[in-house]
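Next come the chains, spelled out residue by residue.
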Amino acid sequence: MKNERRETMNGEALSHLTAPGLKALSGQLDALARADGEREGLEGRVVSASLPMLEASVQVARPTLRLADQPLWWRAPLRVAAGVAIVATAGLTWMAMRLPQVSTNLKHQVAAKANTTTTLVADDWAASAMLLEEHSGAGLDELLSTATTLEEKLRTFESSDVLEEGAM
Amino acid sequence: MDDPSQGLTELLEAAARGDAGAWRELVHRYSRRVFALAKSRCRNDDVAEEIAQSVFATVAVKLGAGEYSEVGRFEAWLFRVAMNRVRDTVRKARRSPEVQESAALIERPERASAEPVFDSAAMERLRDAMALLADADREVVELRHHGGLSFKQIAEVLDEPVGTLLARHHRALRKLREMLDGVVSVGDEEKLDAGRLDSGRSSGS
């Protein structure tokens, strides 16, 4: 029977109504509802009125690319063309966005190389300076020792001269 | 009849994709109940069918546009749309007396097919008694019996606590019982006619 569920539901829901009169009345209301629901051809007319609206609504929610009055086969190339255009646009956009990044990377690489060269040159200078410092230090020490020796020689020489002059 | 909520999610998903078969099944499951609800208030087949068509058109548009997502409350949503449409019709009928005068909304319904335990005269008395109920009480009775909703679903439709609705339903049945038993003189044709007219004015029927 078409309205079995309604009866079952009412049976459950009306369990709080213990009075037999109210239970009977509930049954009468169900019968009235069944009678009120009878209408020849109702479903068909409701479907006829609402189905086109459902289809139109679905179509609006998912638009498709098409030309008016064009046969179906004509739509496929258009879709392909639209797809290619979208992919090309996306690709170009991606490239355009990527170029500054590539340029920046190159700049960073050049700067890094320059820094490396500068560091190497500086290292050379430091090494040279150290060598020079070492050599000059040794030279100065040698010179200093030579001077000391010379001073001693002179002092020796002067004293011998005095002796020689006194002897003369 | 199978439980209308069985496989409902799949049906709604298919209908939302524009599946005509799924939509027909939905209409098959619910159109009778929506029509019964509208007819109970309007007491006119044509007006009730117009309301039913309008309700399903609204639901179709919203479903197709993806404005409804199934969370197990389809019936409550459907009957809220239906109840709002019934109230709109009632309001319009109140504002335009010519509609009432045409008796389009208050004409006596056609006699129902033979009911073994509930003859058409008794049915008619019950309809008249229902017309004398307060709108709030009548809505609960109609959603419960004509709409076939659970009290939980009625609570969602009317946005009221279940306990309140149970009490209101019980009170409405007691009033109906009293009217039918003659505590309130439902046999008094003059009073009934006045009640029916009031119903026509107050409910647009």
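Analysis parameters
Residues numbered from 1 in each chain as written. Chains lettered and ligands numbered in written order. Predicted model: local features only at pLDDT ≥ 70, side-chain atom pairs only at ≥ 80, totals over all residues. Contact = placed C-beta atoms within 7 Å. Helix = DSSP H or I, 4+ residues; strand = E, 2+ residues; numbered from the N terminus. Nonpolar A, V, L, I, M, F, W, Y, C, P; charged D, E, K, R; others polar. Expected span 1.5 Å × (residues − 1). Buried ≥ 20, exposed ≤ 12 C-beta atoms within 10 Å, placed from the backbone. Axes fitted to C-alpha atoms, helices over the stretch in contact; angles between N-to-C directions. Parallel < 35°, antiparallel > 145°, perpendicular 65-115°, else oblique. Left-handed = near helix turned anticlockwise from the far one by under 90°. pLDDT = per-residue confidence, 0-100. Bend = angle between axes of the 7 residues up to and from the residue.

1. Brief notes about the interface of chain B and chain A
Contacts between the two partners involve 49 residues from chain B, matched on the other side by 41 residues from chain A. By residue number, the principal contributor to the side of chain B that touches chain A is helix H2 (residues 20-42) of chain B, which donates 12 residues. When the residues that make up the side of chain B that touches chain A are grouped by side-chain class, the tally is 24 nonpolar, 13 polar and 12 charged.

2. Here we look at helix H4 (residues 74-95) of chain B
The terminal C-alpha atoms of H4 of chain B, which comprises 22 residues, lie 32 Å apart, in line with the 32 Å expected from a rise of 1.5 Å per residue. Looking at H4 of chain B, one finds that the buried residues are Phe 74, Glu 75, Ala 76, Leu 78, Phe 79, Ala 82, Met 83, Val 86, Thr 89, Val 90 and Ala 93 of chain B.

3. What about the packing of H2 of chain B against H4 of chain B?
All names here are of chain B. At their nearest, the axes of H2 and H4 sit 10 Å apart, and the two run at 25° to each other. Between H2 and H4, the interaxial angle falls into the category roughly parallel. For H2 against H4, the interelement crossing comes out right-handed. Where H2 approaches H4, its residues Tyr 30, Val 34, Leu 37, Ala 38, Arg 41 and Cys 42 are matched on the opposing element by Leu 78, Ala 82, Val 86, Thr 89 and Val 90. Here the contact of H2 with H4 is composed, by residue class, of 9 nonpolar, 1 polar and 1 charged.

4. Focus on the confidence of the model for chain A
Residue and element names in this part refer to chain A. When pLDDT is averaged across chain A, the result is 74; 71% of the residues are at 70 or more. Ranking the elements of chain A by mean pLDDT puts helix H1 (residues 4-13) last, at 45, and helix H3 (residues 42-61) first, at 90. Within the model, the stretch residues 1-13 combines pLDDT values under 50 with 20 contacts to residues more than four positions away or in other chains.

5. Concerning H3 of chain A
Spanning 20 residues, H3 of chain A covers 28 Å between terminal C-alpha atoms, matching the ideal 28 Å at 1.5 Å per step. Of all bends in H3 of chain A, the biggest is about 30°, found at Ser 50 of chain A, and the proline Pro 52 of chain A comes one to four residues later. Along its buried surface, H3 of chain A packs onto helix H1 (8-16), H2 and helix H3 (45-64) of chain B.

6. Notes on the environment of Met 130 of chain B
Residue and element names in this part refer to chain B. Tracing the backbone shows Met 130 in helix H6 (residues 120-131). Residues Met 130 and Ser 40, 90 residues apart in the sequence, show an inter-C-alpha distance of 8.9 Å. Those residues in contact with Met 130 that sit more than four places away from it in its chain are Arg 138, Val 141 and Leu 176.

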